[in-house]
Amino acid sequence: QPINFGVTINKKLTNRLSIESGIMYTYLSSRIRSIESMDYNLKDYQQFHYLGIPVTFNYKLVEWKKLQLYISAGGAIQKDIYGRMKTNEDLESLIEMNKYESKNISQDHPQFSLTTSIGVSYPIYKKMSAYTNLGGSYYIDAKNKYETIYSDRKWIFNINLGVKFGF
C-alpha cells in the first residue's frame, strides 16, 4: 500500500463548492520473488519516491454545528523523483554470500489518477480545518518499465486524515 503525505490548500468558490490543491509525497516499495521450486531464485526489492500535484473539487452536502460532510472528485499527476532496485541472486552453492546488486531506476512517464471520496471536516483554528475522508483512486496505465501497485491494481482505496488550509 502506498504511503502518502501532503500539504493541501482549499479555495472556496461558492457556499457549497471549493477547489483544493497542494503537493503530495508518495513512497512505494515492493518485493519481487521468483518461484521457490526453481534452483535459481531471483529476489528484487524496488522502491520509488514520488512527488505529485492533486486537484480536487469538493461539494458540501450538509453542515451541522461547523462539522461539514462533503463529496470530492478530481485527479492527480505524480512523477518519481528517486527510484532504487536491489537484486539478490541466490544460487544453491552461494546461499551464504547474500550479495546484492543495487542500481538507480526511474519511470519514463508520469502517473495520472482520478479520485473520488466522501469526507468530513471541522474548523480547528481560523482558516485551518481537520479532515478525514474515505475514497478511492483509479490509476491510468502509464506504460512504465517498472511495475508498481499502480500498474498491478487499477483501483486503490484509501483513508486520509489531515489538516487543510482555506482561503
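Quick summary incoming for the structure in this document.

Parameters and conventions
- Residues numbered from 1 in each chain as written.
- Predicted model: local features only at pLDDT ≥ 70, side-chain atom pairs only at ≥ 80, totals over all residues.
- Heavy atoms only, no water.
- Helix = DSSP H or I, 4+ residues; strand = E, 2+ residues; numbered from the N terminus.
- Buried < 20%, exposed > 50% of the residue type's maximum accessible area, 1.4 Å probe, protein only.
- Core = buried A, V, L, I, M, F, W, Y, C linked by side-chain atoms within 4.5 Å.
- Contact = heavy atoms within 4.5 Å.
- 1 Å grid on protein atoms, 1.4 Å probe; cavity = no way out; pocket = protein on both sides within 12 Å on 5 of 7 lines; lining within 4 Å.
- Points joined across faces, edges and corners; volume = space filled by probe spheres on them.
- Nonpolar A, V, L, I, M, F, W, Y, C, P; charged D, E, K, R; others polar.
- Salt bridge = Lys/Arg side-chain N within 4 Å of Asp/Glu carboxyl O.
- Phe/Tyr/Trp six-rings, centres within 6.5 Å; stacked < 30°, edge-to-face > 60°.

### Focus: the overall build of the protein
Helix and strand counts for the protein come out as one helix and eight strands. Across the protein, helices and strands are ordered from the amino to the carboxyl terminus as β-β-β-β-β-β-β-α-β. A total of 167 residues make up the protein; the buried ones form 32% of that total.

### Observations regarding the nonpolar core
Counting ten residues, the largest nonpolar core consists of Leu28, Phe48, Tyr50, Met85, Ile105, Tyr139, Tyr146, Ile149, Tyr150 and Ile156. Breaking this core down by element, the ones donating at least two residues are strand S3 (41-64) and helix H1 (149-152). Not counting residues up to four positions away in its chain, the partners in contact with Leu28 are Pro2, Gln46, Gln47, Phe48, Tyr50, Thr148, Ile149 and Tyr150.

### Side note on the layout of surface pockets
One number sums up the size of the largest pocket: a volume of about 810 Å³. Lining the largest pocket are 39 residues, and of these Asn4, Met24, Pro54, Tyr131 and Asn160 lie nearest its centre. The element contributing the most residues to the lining of the largest pocket is strand S8 (residues 155-166), with seven residues. Of the residues contributing to the lining of the largest pocket, the split by class is 16 nonpolar, 22 polar and one charged. Quantified by volume, the second largest pocket comes out at close to 530 Å³. Forming the boundary of the second largest pocket are 25 residues, of which Asn10, Lys12, Gln68, Ser121 and Ser129 lie nearest the centre. Elements with a contribution of two residues or more to the lining of the second largest pocket: strand S1 (3-12), strand S2 (17-33), S3, strand S4 (67-90), strand S6 (111-125), strand S7 (128-139) and S8. No other element matches the four residues that S3 contributes to the lining of the second largest pocket.

### Describing the pattern of salt bridges
Under the definition given, this model contains four salt bridges. In this structure, Glu63 engages Lys60 in a salt bridge whose closest nitrogen and oxygen atoms are separated by 3.0 Å. Classification of Glu63 by relative accessible area gives partly exposed; the value is 41%. For Asp141, the salt bridge identified is with Lys143, shortest N-O distance 3.6 Å. Taking the relative accessible area as the measure of exposure, Asp141 reaches 44% and is therefore partly exposed.

### A closer look at the environment of Ile71
On the secondary structure map, Ile71 appears in strand S4. Linking Ile71 and Ser117, residues 46 residues apart in sequence, is a C-alpha distance of 5.7 Å. The contacts of Ile71, once residues within four sequence positions are left out, are Phe57, Asn58, Tyr59, Leu61, Ser117 and Ile118.

### Details of the packing of aromatic side chains
Summed over all chains, the structure comprises six aromatic pairs. Pairing Phe48 with Tyr146 gives two aromatic rings, centres 6.2 Å apart and planes at 55 degrees, and the pair type is tilted. Here Phe48, found in strand S3, pairs with Tyr146, found in the loop between S7 and H1; they are 98 residues apart in sequence, far enough to count as distant. In this structure, Phe48 and Tyr146 share a single accessibility class: buried. Consider the rings of Tyr50 and Tyr150, whose centres lie 5.8 Å apart with planes at 70 degrees: the pair is edge-to-face. Highlighted residues: Tyr50 in strand S3 and Tyr150 in helix H1, separated in sequence by 100 residues. Exposure remark for Tyr50: the relative accessible area of 2% places this residue in the buried category.

From the geometry alone we can't say anything about function, so treat these as descriptive.
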